[in-house]
Amino acid sequence: MLARPIRWVRWTVLAVAILLIGVLATVWLLRKTVAERALAGWCAERQLSCEGKFVQIGSDGATIRDLKVRAGADVPFEASEASVRLSWPRLFTPKLRGIIVDKPVVRGTLDEKGMRFFGLENLAGQSDGAGELNLPAIEITDGRIFFATEAGELSATVAMHGTFPKKGTLDIKLDPAALKGAESEFNWSEGAISLVADMGRISGNANIVMERADLKTISITDAVFAARIDAADVGDGPMTLNWTGSVADGVFPGGHLSAVRTTGEASFTELPSLSANDALAALTAAVFTVESEDVLRDGYGAGTLNLTGDLKGDAGNIGGPVRLTASQAVAPQGGAGVLSSNGIFSRSAEGTLLYVGRASASDANVAADLRQGLTAPVAFPGALSDHGN
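Residues numbered from 1 in each chain as written. Predicted model: local features only at pLDDT ≥ 70, side-chain atom pairs only at ≥ 80, totals over all residues. Heavy atoms only, no water.

Caption draft 1: Just a negative patch on the surface, in detail. Where like charges cluster on the molecular surface, the negative patch consists of E190, E211, D222, D249, E293 and D294. Examined against the element boundaries, E211 turns out to sit in strand β12 (residues 201-215). (Patch = residues over 30% accessible without salt bridge, like charges linked within 9 Å, V, L, I, M, F, W, Y side chains within 5 Å. Areas by Shrake-Rupley, 256 points an atom, 1.4 Å probe, with all protein chains shown as cover. Salt bridge = Lys/Arg side-chain N within 4 Å of Asp/Glu carboxyl O. Lys, Arg positive; Asp, Glu negative; His and termini not counted. Charge placed at Lys NZ, Arg CZ, Asp CG, Glu CD. Helix = DSSP H or I, 4+ residues; strand = E, 2+ residues; numbered from the N terminus.)

Written out as structure tokens, the structure is:
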């Protein structure tokens, strides 16, 4: 859930910082009218159209108001005020010591191909090959971000302080939303991400309260999910994810479940993408518990179900002990008061699944047709034929 926000925040912040540095820091010593022309020219060279009014230019920095960056008919970035602050550690050698952005608005699109910002993201790509860009402290207050999706508009409030993702804080709060597309529908009332970066290490929390989620043939209602991450090397090093979650009701092809609860911890070699295959390839360990009530699929079900696992992973090869306990178990062949199984589960990097274990049942009963087949009369030869029943 946190992988994508961390990654797009990294290059979005970089793009916005490059934009502001290029707009403000390079024209601080020019007259205001010349600076405004320079601003338009600098953006035009990058296939963007920029406008704004310089209200202060001096040796300590520059401030611009009503800044707008256009890409054709779209406005991927605007801010009521943006300032660059300079210091002079040596003569004729200015150094950026801070960027302050008040009420910025970032607009983009979100689909299966990812997030895009109408060309604003290209500014980050232009820094490639020039070495690492050491960004100054950035202060963003009352920021807003909007994504156009095929199901409707997704929006959030953003605040950032410091040199994130090296050192600083980032807070994102999702607005309540009701998104409906051709094959999906999502409704949530709460959603938040809070991250802290310190010496390149990122830790933080995320949570969401979702009243409904429909995706093709799967539907869930009243879901709550909370997670905490701890990632090294700005998300490129080892990462640990802890989670808790619950779902009131779920419906899927051939079955349903209710009162689902889960807790667990997973470790990865690096911050994985949202792809399931990439996440499994990066997984090194996972300990989890899943509990549910009223589970049923294709005639197999249980009144309660408990599943625990302690798995290890290496380059997509995953395995370890698992335990399954079900009460009031039912199946086409019969049922049991309590059904339990202990064994070893494994998954190869190619996706082959294998389970080897033992199962036991108590208070078991067998369906009538199966029992009749098992206890059919046996015909004895000769004089014993009368004793066959």
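Having seen the model, we can carry on.
Caption draft 2: Broad picture of the confidence of the model for the chain. On average, residues of the chain carry a pLDDT of 80, and 77% of them reach 70 or more. Below a pLDDT of 50 lies the segment residues 125-133, which in the model reaches 6 contacts outside its immediate sequence neighbourhood of four places, other chains included. (pLDDT = per-residue confidence, 0-100. Contact = heavy atoms within 4.5 Å.)

Caption draft 3: Local environment of the side chain of S258. Tracing the backbone through its elements, the reader meets S258 in strand β15 (residues 255-268). Beyond its immediate stretch of four places on either side in the chain, S258 contacts V247, A248, D249, S292, E293 and D294.

Caption draft 4: Summary view of the pattern of salt bridges. A full pass over the atoms with the stated rule returns 10 salt bridges. Between K167 and D198 there is a salt bridge, and its shortest N-O distance comes to 2.9 Å. One end of the pair, K167, is in strand β9 (residues 167-174); the other, D198, is in strand β11 (residues 184-198), with 31 residues separating them in the sequence. Looking at K167, the relative accessible area reads 46%, which means it is partly exposed. The class of D198 is partly exposed, set by a relative accessible area of 40%. (Buried < 20%, exposed > 50% of the residue type's maximum accessible area, 1.4 Å probe, protein only.)

Caption draft 5: Spotlight on unusual backbone geometry. Unlike most non-glycine residues, D66 shows phi in positive territory, near 55°. For D66, a relative accessible area of 54% translates into the label exposed. Even without being glycine, D142 reaches a positive phi, approximately 55°. Mapped onto the elements of the fold, D142 is located in strand β7 (residues 138-149). Since its relative accessible area comes to 49%, D142 is described here as partly exposed.

Caption draft 6: Region of interest: the environment of K312. Position of K312 among the secondary structure elements: in strand β17 (residues 300-314). Its relative accessible area of 53% is what places K312 among the exposed residues. For the pair K312 and S346, spaced 34 residues apart in sequence, the C-alpha separation works out to 9.5 Å. Contacts of K312, omitting those with residues within four sequence positions, involve T284, A285, N317, I318 and G319.

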